[in-house]
Structures are given as C-alpha cells and as structure tokens.
Amino acid sequence: MLKVLEHPLITHKLTQMRKVETKTKDFRENLDEIGGLMAYEITRNLPVKEVTIETPIQEMKTYELEKDIILVPILRAGLGMVDGISNLIPTVKVAHVGLYRDEETLQPHVYFEKYPPNIDDAVVMIVDPMLATGGSASAAIDMVKKQGAKDIRLVCLVGAPEGVKVIEELHPDVDIYLAALDEKLNEKGYIVPGLGDAGDRIFGTK
Ligand SMILES: O=P(O)(O)OC[C@H]1O[C@H](OP(=O)(O)OP(=O)(O)O)[C@H](O)[C@@H]1O
Ligand SMILES: O=c1cc[nH]c(=O)[nH]1
Ligand SMILES: [Mg+2]
C-alpha cells in the first residue's frame, strides 16, 4: 500500500525544504515538524488491545497500544526525522541502520546496524527523507526482516515512482508513506524536482 499524506501544513513545510535558498537550520526544523505531522497519520492504524482499568469513578473497558514501536532511521538523513516522531511517541525505541549510496553505482553499502531486542514483536517504522532508486530502503527492509521484524512501515518525505515500484515488487508486505510523490529520477539518481541531497542539507556537509 502506498499512501501520500496530503495535508496543507505538510505541503507548506515541504515547499520550504525544497527551496534552494533554505539553509540548514530551517531545513532541519521543517523536517522535524513534518516528521511529527506524518507520525500522527501513520499511527492511525496501530494495533491496540482491550484493557480493563479503574477510573476514579468506576471500572471500564478501554484500549492501550498493543506493541512497542521501533523507529529505524537510515543514517544519516533518516536521523533528521527521529526527534519529530519521538516527540509525538515518547516511548519509541530507536534502531540504527547505517547505509550510504555509492555515487557511481547507486548501490547501497551497509556500515552500521544496531537493534533493540524485541524487534520481531514490534511495529517497525523505517524513516528516511528520500526514496530514490529504492535500493537503500529495500536493503534496510531486508536487514530488519533478518532480525525478525514482521510489521514494517516505510516512512519517507519525497519518493520517486521508480523507488516506490521497487519496494512494492520486493516487499509487497510493507506499507509506504510519503509526503510527496515526485516525477522521476535524473541521470545521477536524484529525485526530480526533489530537494537535493537531504543528508548534506540536514548536516551542512556541502
Ligand atoms: O533510494 P536510493 O537510491 O537508495 O537513495 C536514497 C538514499 O540516499 C540518501 O542517502 P545517502 O546515501 O546520500 O547517505 P546520507 O544520508 O549519509 O547522505 C537518502 O537519505 C537515502 O538513504
Ligand atoms: O534526490 C535524492 C536522491 C537520493 N538521496 C538524496 O539525498 N536525494
Ligand atoms: Mg546524502
């Protein structure tokens, strides 16, 4: 399932991020805020369990979240979405998957991975601002599946149709959430019109 989260606030903030003149501070702040807004929508269908509690007045049956939620930012750029989402869900645990995309071959390379123990029974949200060829996201999904993850959601800001197709073909069980679905990839594998290199814009490395 692909869901593009169309909301005026998300679109407005993404527009600020896309502008070439937007500097690191504003880029980061908008990314953080969009992360929070997306989290509200993405958590709409989280599994809940029935519980019986006592209010000060009487006993009642109600619901609580059933599973732990594990955020998996794809380093580096995915880190820019962690604070916004964890502000809304303070109990999240955070795994880390370090991947970089080779500039020539566009193939992803793993350089780090670290997971909390109960990933097999948790709702796993992989976060990365950019879904371009889909190579990095697909590798991250393979990695968390190897750890036993079953309920996996992929949360990106901007996606290219090419990347969406790859995830839908290789991982039909993974729901994809985007803030925008752009036109295409250019010859260097960048999303068009996109927002440039997310990692460099977040961390000021160019
Ligand atoms: O869909 P793909 O074609 O794999 O491209 C998308 C990946 O590229 C970027 O990361 P990058 O490799 O630039 O690393 P960085 O976050 O450290 O800058 C981006 O944050 C994704 O992880
Ligand atoms: O457009 C793109 C594609 C991959 N990675 C980015 O940061 N931006
Ligand atoms: Mg980068």
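Residues numbered from 1 in each chain as written. Chains lettered and ligands numbered in written order. Predicted model: local features only at pLDDT ≥ 70, side-chain atom pairs only at ≥ 80, totals over all residues. Heavy atoms only, no water.

For the record, the criterion: UniProt positions are given in the numbering used here, feature names are shortened, and annotations may be inferred rather than shown by experiment.
As recorded by an unreviewed UniProt entry, the protein chain carries the name Uracil phosphoribosyltransferase and is attributed to Breznakia pachnodae. Per UniProt, the protein chain has the following entry under Catalytic activity (unreviewed entry): "UMP + diphosphate = 5-phospho-alpha-D-ribose 1-diphosphate + uracil". Entered under Sequence similarities (unreviewed entry) in the UniProt record, the comment concerning the protein chain runs "Belongs to the UPRTase family."

1. Some words on the site of ligand 1
Note the cut-off: A single heavy atom is enough: if one lies within 4 Å of a molecule or strand, its residue is considered near that molecule or strand. Side-chain atoms alone can form a polar contact between residues adjacent in sequence; in general such a contact is a pair of N or O atoms within 3.5 Å, and within protein one must be able to donate a hydrogen while the other accepts it. Numbering of helices and strands runs from the N terminus; a helix is a DSSP stretch of H or I covering at least four residues, while a strand is a stretch of E covering at least two.
Taken together, the neighbourhood of ligand 1 is formed by 15 residues, with R76, R101, D128, T133 and S136 sitting nearest. Within the side chain of S136, a nitrogen or oxygen atom sits 2.6 Å from an oxygen atom of ligand 1. For the shell around ligand 1, the secondary-structure elements that each account for two or more residues are β6 (96–101), β8 (123–131) and α4 (135–146). Here the element with the most residues in the shell around ligand 1 is β8; it accounts for three residues.

2. Regarding the pairing of β8
Worth spelling out the cut-off: Buried residues are those whose accessible area, probed at 1.4 Å on protein chains only, stays under 20% of the maximum for their type, while exposed residues exceed 50% and partly exposed ones sit between those limits. When DSSP finds at least two bridges between two strands, those strands are taken to pair. By definition, the crossover connecting two strands over a helix is right-handed if that path, from the first strand to the second, turns clockwise as seen with the strands pointing away from the viewer.
Among the nine residues that make up β8, nine are buried, leaving the element largely enclosed by the rest of the structure. With five bridges connecting them, strand β4 (residues 69–75) and β8 associate as parallel partners. Within β8, the position partnered with I69 by the bridge is V123. Relative to strand β9 (residues 151–159), β8 runs parallel, the two being bridged by eight bridges. From the neighbouring strand, V123 faces β9, where its bridge partner is D151. The β-α-β motif built from β8, the intervening α4 and the parallel element β9 has right-handed crossover chirality.

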